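The primary structure of each chain is shown beneath.
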Amino acid sequence: MDAQNPPKKVVVCGGGVIGVCTAYFLSKKGAVVTLIEKSSVACAASGKAGGFLALDWCDGGPVSPLARASFNLHRSLAEELNGVEVYGYRPVTTVSFSITESSSSLSGQLATKASSVPSWVDGPAKGPRTIGTTATTAQVHPQLFTKTLLSKAVEEYGVEVVIGKLEAVKVVEDKAEAVVLEGGREIEADAVVLALGPWTSKLSLMDSIFRVYGLKAHSIILEPKDPGAITAHALFLSYSPAEGGKPLDPEVYPRPTETDLGCESA
Ligand SMILES: Cc1cc2nc3c(=O)[nH]c(=O)nc-3n(C[C@H](O)[C@H](O)[C@H](O)COP(=O)(O)OP(=O)(O)OC[C@H]3O[C@@H](n4cnc5c(N)ncnc54)[C@H](O)[C@@H]3O)c2cc1C
């Protein structure tokens, strides 16, 4: 260790995928990192998400370079951490189509007519379109991914995990000096990273800087009877219930061990 230039003490607040990845990469670069999480790692969106990854879906927007770098980084991390086995990393074919709920036995035959529609879709799929290939879309199990990265950060790069609720950041002359946890414990820091997801805006410190807000979404996890039948597809649907009404737009993310049905709230 260079005594003239000791590693920075960084406190990362929030044990979701953002906080954990920040802790992982900073500690790998030599920083002394403490991660603060109020409940348990990946207990919020980062444990419930679809885990869907896309190379070029942000192209044309301001975060395009970030999305592309992230997609490629996932591929190299999966090689480094045996992500295929450990957290279900796999390239997927992504298809969009419209479907109407139906009990007709004909519907299964109609659905399998288009080769792009996976064989396990048993409704009449209309207008199937391949919107991502195995070169441009992939998935991970988000909770396993986050926990795997944290284990590595703890075991190999010395990250300390503290279960506690961040109450405040002590700032002196525009510089973060410590974090204060519920109960009064203080942890000194040269730098503080806030990655509290939608809770970030609860810190009064943030009011004057920028606003962070959450977007509600829900997901349902189904366990398949036959995991071997789950092909590497992600589906973006316009789904019309048999009884009529407004079509829904669920996203379906089958994983080797389970299927995540996600939908944004209106
Ligand atoms: C249903 C659903 C499906 C999604 N699908 C996808 C997808 O397929 N692909 C994709 O890229 N994204 C997806 N997302 C978005 C993605 O999940 C989020 O963008 C991501 O998980 C955010 O991570 P985060 O670390 O910022 O926040 P979070 O996962 O919300 O983590 C924040 C953490 O901070 C902790 N915390 C809060 N307050 C405090 C405090 N005071 N002190 C200490 N800790 C605190 C919380 O307990 C939590 O663990 C989906 C989201 C949802 C809800």
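Cut-offs used in this document
Residues numbered from 1 in each chain as written. Predicted model: local features only at pLDDT ≥ 70, side-chain atom pairs only at ≥ 80, totals over all residues. Heavy atoms only, no water. Near = heavy atom within 4 Å. Polar contact = N/O pair within 3.5 Å; in protein donor to acceptor, adjacent residues only side chain to side chain. Areas by Shrake-Rupley, 256 points an atom, 1.4 Å probe, with all protein chains shown as cover. Helix = DSSP H or I, 4+ residues; strand = E, 2+ residues; numbered from the N terminus. pLDDT = per-residue confidence, 0-100. Contact = heavy atoms within 4.5 Å. Pairing = 2+ DSSP bridges. Buried < 20%, exposed > 50% of the residue type's maximum accessible area, 1.4 Å probe, protein only. Salt bridge = Lys/Arg side-chain N within 4 Å of Asp/Glu carboxyl O.

A short note on the site of the ligand
Argument step 1. By nearness alone, 26 residues border the ligand, and E37, S46, G50, F52 and L166 come closest of all.
Argument step 2. Interatomic distance of 3.0 Å between a backbone N/O atom of K38 and a nitrogen atom of the ligand.
Argument step 3. The backbone of G51 places a nitrogen or oxygen atom 3.2 Å from an oxygen atom of the ligand.
Argument step 4. Its free accessible area being 1,000 Å², the ligand has 77% of it covered by the protein chains.
Argument step 5. Looking at the shell around the ligand, the elements that each hand over two or more residues are helix 1 (17-28), helix 2 (45-48) and strand 13 (217-222).
Argument step 6. In terms of residue count, strand 13 provides more of the shell around the ligand than any other element does, three residues in total.

Topic: the confidence of the model for the protein
Argument step 1. Summing up the model confidence of the protein, the mean pLDDT is 89 and the portion of residues at 70 or higher is 90%.
Argument step 2. Across residues 105-112, where pLDDT falls below 50, the model places eleven contacts with residues more than four positions away in sequence or in other chains.

Let's talk about the pairing of strand 9 (residues 166-172)
Argument step 1. Pairing geometry for strand 9 and strand 10 (residues 175-181), over six bridges, is antiparallel. Bridged to V171 within strand 10 is A176.

Describing the pairing of strand 10
Argument step 1. By the criterion of burial, strand 10 is predominantly enclosed, with five of the seven residues buried.
Argument step 2. The hairpin formed by strand 9 and strand 10 contains two residues between the paired strands, and E173 there has a positive phi angle of roughly 45°.
Argument step 3. One ladder, built from three bridges, connects strand 10 with strand 11 (residues 186-188); its direction is antiparallel. Residue V179 lies in a different strand from strand 11, and its bridge partner there is I187.
Argument step 4. What sits between strand 10 and strand 11 in their antiparallel hairpin is a turn of four residues, with G183 showing a positive phi close to 100°.

Observations concerning the pattern of salt bridges
Argument step 1. By the definition in use, this model includes five salt bridges.
Argument step 2. Linking K28 and E80 is a salt bridge whose minimum nitrogen-to-oxygen distance equals 3.4 Å. Of this pair, K28 sits in helix 1 while E80 is found in helix 3 (residues 64-80), placing the two residues 52 residues apart along the sequence.
Argument step 3. For E80, a relative accessible area of 41% puts it in the partly exposed group.

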